[in-house]
Amino acid sequence: PPTHIILPSGDRMPSIGLGCWQSEPEALTKAVAYAIKVGYRHIDGATIYGNEKALGEGIRQSGVDRKNIWVTTKLWNDDHRPDDVVKACKKSLDLLGLDYIDLWLMHYPAATDTDPNNEVRIKVLDIPYTDTWKAMEDCVEAGLVRNIGISNYSKTEVENLWNDCRIKPAVHQLERHPYLPQKAFMKYHKEIGLHVTAYSPLGNTNPSFADRDPLPPIQKNAAVQALAKKYSISPANVLISLQLSEGCSVLPKSVAPSRIEENLKVVELSSEDIKSIANSTQGQRARYCDFSEIIGYKYYEGLDDSD
Ligand code: A2P
């Protein structure tokens, strides 16, 4: 499968990135340094993960030149006021210990604030994401970030932004695995030329999703297991390979050295292979990262059983 994705800026983004959500800072520094040592060149962080400092430290400990590593991080929802955006960007740079970010994503198309009375933890603010985006564009023009993109947008939100921006989003990062293939939404991305990065490619193995999982673990799926056998790789490798073979970049998360290394073993799946997974998961749909509470409205795109 392709080792890099060429973005509209001409930059080459490595197609496998190390996911950093739910990694404790100390473990993350070690995980990042180890990942770079075994060949990763793409690390996917976010301000809300609370570990940007540890991420930057891991890059320095690896000894590999920063310019050879792709660093993604994300603007959190409480920094959506246009005046706060550049400050948030500089704060991320400061924590990471870097002087530019390769890819900066708007984490959600939703502005929120902490309620000063603390009665409800999150308050949704009326700040259009198109205004927040304009301030992110300013950060590109100021040389603080090389590429900007989005995450967790619905189709309507992508359309609104796509038609009201100076710099088009380079990437859309969203949840994607065999229980959430989002065929029609994927086709739409292809049509407009917006690259998709898949998070949670292993879906239900994430402990924080355990109580939300109505379905058998996707790694136990018979078609996934059969392909693992066919190619002498692990079921996780099949799931990571699936994303790459469908044209996405992919972000497996791990802090365990053995799994960090294992997750790089990918193969090109044939269209028959891909179809076998689709057939065996037909009608089984789940979105593990249900962020309705964060954004203040229900988001169900892609959960249609027929999709
Ligand atoms: P750990 O960090 O202990 O390796 P996802 O990327 O879909 O969000 O899944 C992440 C979860 O899957 C984490 O709990 C991670 O745990 C686990 N994981 C990562 N790689 C593998 C693998 N190769 N096999 C099994 N579980 C894995």
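An unreviewed UniProt entry lists the chain under the name NADP-dependent oxidoreductase domain-containing protein, with Kwoniella dendrophila CBS 6074 as the source organism.

Colleague: What's the story with the sheet that holds strand 5 (residues 70–75) in this structure? I'm lost.
Modeller: What holds strands together in a sheet is hydrogen bonding between their backbones, with the strands either parallel or antiparallel. Strand order in the open sheet formed by eight strands is 3-4-5-6-9-10-11-12, and the pairing between neighbours is parallel. What marks the edges here is a single partner per strand, and that holds for strand 3 (18–19) and strand 12 (249–251). Here four bridges tie strand 5 to strand 6 (residues 101–106), and the two strands are oriented parallel to one another. Note that in strand 6 the partner of T73 across the bridge is W104.

Colleague: I would appreciate a short explanation of the nonpolar core in the present structure.
Modeller: The tendency in soluble globular proteins is for nonpolar side chains to be buried side by side. Of all hydrophobic cores here, the largest spans 71 residues; its most connected members are V32, W104 and M136. Beyond its immediate stretch of four places on either side in the chain, V32 contacts L18, I43, L55, G58, I59 and S62.

Colleague: Help me understand the packing of helix 7 (residues 222–231) against helix 10 (residues 271–280) in this model?
Modeller: Two measures define how a pair of helices packs: the angle their axes make with one another and the distance between the axes. Running from amino to carboxyl end, helix 7 crosses helix 10 at an angle of 155 degrees, the nearest separation of the two axes being 8 Å. Viewed along their axes, helix 7 and helix 10 adopt a mutual orientation that is roughly antiparallel. Of the residues in helix 10, those touching helix 7 at A222, A223, V224 and L227 are D273, S276, I277 and S280. Here the residues of the contact of helix 7 with helix 10 are counted per class, giving five nonpolar, two polar and one charged.

Colleague: Please explain the environment of K87 as it appears in this structure.
Modeller: Structurally, K87 can be placed in helix 3 (residues 82–96). Assessed through the 12 C-beta atoms surrounding it within 10 Å, K87 is described here as exposed. Taking the C-alpha atoms as reference points, K87 and A46, separated by 41 residues in sequence, lie 15 Å from one another.

Colleague: Explanation requested: helix 3 in the structure shown.
Modeller: Residue pairs spaced three or four apart in an α-helix point in one direction, given the helix's 3.6 residues per turn. For helix 3, spanning 15 residues, the distance from its first C-alpha to its last is 22 Å, which sits close to the expected 21 Å at 1.5 Å a residue. Looking at helix 3, one finds that the buried residues are V85, A88, C89, S92, L93 and L96. When helix 3 is viewed along its axis, its buried side chains cluster within an angular range of 135 degrees and face the same direction. Facing away from the buried side of helix 3 by over 90 degrees, the exposed positions are D83, K87 and D94. In this structure, the buried side of helix 3 is in contact with helix 2 (52–62), strand 5, strand 6, helix 4 (129–141) and strand 9 (145–151).

Colleague: It is not clear to me how the pairing of strand 6 should be interpreted in this structure. Could you clarify?
Modeller: Look at any regular strand and the pattern is simple: side chains alternate between the two faces of the sheet. Where burial is concerned, most of strand 6 is hidden: six out of the six residues are buried. Assessed by its sense of winding, the connection that carries the chain from strand 5 through helix 3 to strand 6 is right-handed. Alignment of strand 6 against strand 9, held across five bridges, turns out to be parallel. Of the residues in strand 9, the one forming a bridge with I101 is V145.

Colleague: What exactly am I supposed to notice about the packing of helix 3 against helix 4 here?
Modeller: Remark: helix 3 packs on helix 4, axes separated minimally by 8 Å, with the N-to-C direction vectors making an angle of 40 degrees. On the basis of the axis angle, helix 3 is oblique to helix 4. Viewed along their axes, helix 3 and helix 4 form a crossing whose handedness is right-handed. Residues P82, V85, V86 and C89 of helix 3 form the contact with helix 4, whose participating residues are D131, T132, K134, A135, M136, D138 and C139.

Colleague: Any chance you could explain the pairing of strand 5 here in plain terms?
Modeller: Extensive coverage of strand 5 is indicated by the burial of six of its six residues. In the sheet, strand 4 (residues 42–44) pairs with strand 5 via three bridges, with the strands oriented parallel. What sits directly across from H42, in strand 5, is W70. With helix 2 bridging strand 4 and its parallel neighbour strand 5, the resulting β-α-β unit is right-handed.

Colleague: Explain the UniProt feature "active site" (unreviewed entry) in the chain to me, please; I cannot follow it from the model alone.
Modeller: Under the feature "active site" (unreviewed entry), the UniProt entry names Y49. With respect to the secondary-structure elements, Y49 resides in the loop between strand 4 and helix 2. Note on Y49: 21 C-beta atoms within 10 Å, which makes it buried. Once residues lying within four places of it in the same chain are set aside, the contact partners of Y49 are C20 and W21.

Colleague: Could you clarify how one ought to interpret the confidence of the model for the chain in this entry?
Modeller: Close inspection of predicted coordinates is inappropriate for parts of the model with low pLDDT. In the predicted model, the chain carries a mean pLDDT of 92, and 90% of its residues have values of at least 70. Among the scores for the predicted complex, ipTM is 0.94 and pTM is 0.95.

Reading the values: the criteria
- Residues numbered from 1 in each chain as written.
- Predicted model: local features only at pLDDT ≥ 70, side-chain atom pairs only at ≥ 80, totals over all residues.
- Pairing = 2+ DSSP bridges.
- Helix = DSSP H or I, 4+ residues; strand = E, 2+ residues; numbered from the N terminus.
- Core = buried A, V, L, I, M, F, W, Y, C linked by C-beta atoms within 7 Å.
- Buried ≥ 20, exposed ≤ 12 C-beta atoms within 10 Å, placed from the backbone.
- Contact = placed C-beta atoms within 7 Å.
- Axes fitted to C-alpha atoms, helices over the stretch in contact; angles between N-to-C directions.
- Parallel < 35°, antiparallel > 145°, perpendicular 65-115°, else oblique.
- Nonpolar A, V, L, I, M, F, W, Y, C, P; charged D, E, K, R; others polar.
- Expected span 1.5 Å × (residues − 1).
- Arc of directions from axis to C-beta.
- Right-handed = clockwise from strand over helix to strand, strands pointing away.
- Left-handed = near helix turned anticlockwise from the far one by under 90°.
- UniProt positions renumbered as here; feature names shortened; annotations may be inferred.
- pLDDT = per-residue confidence, 0-100.

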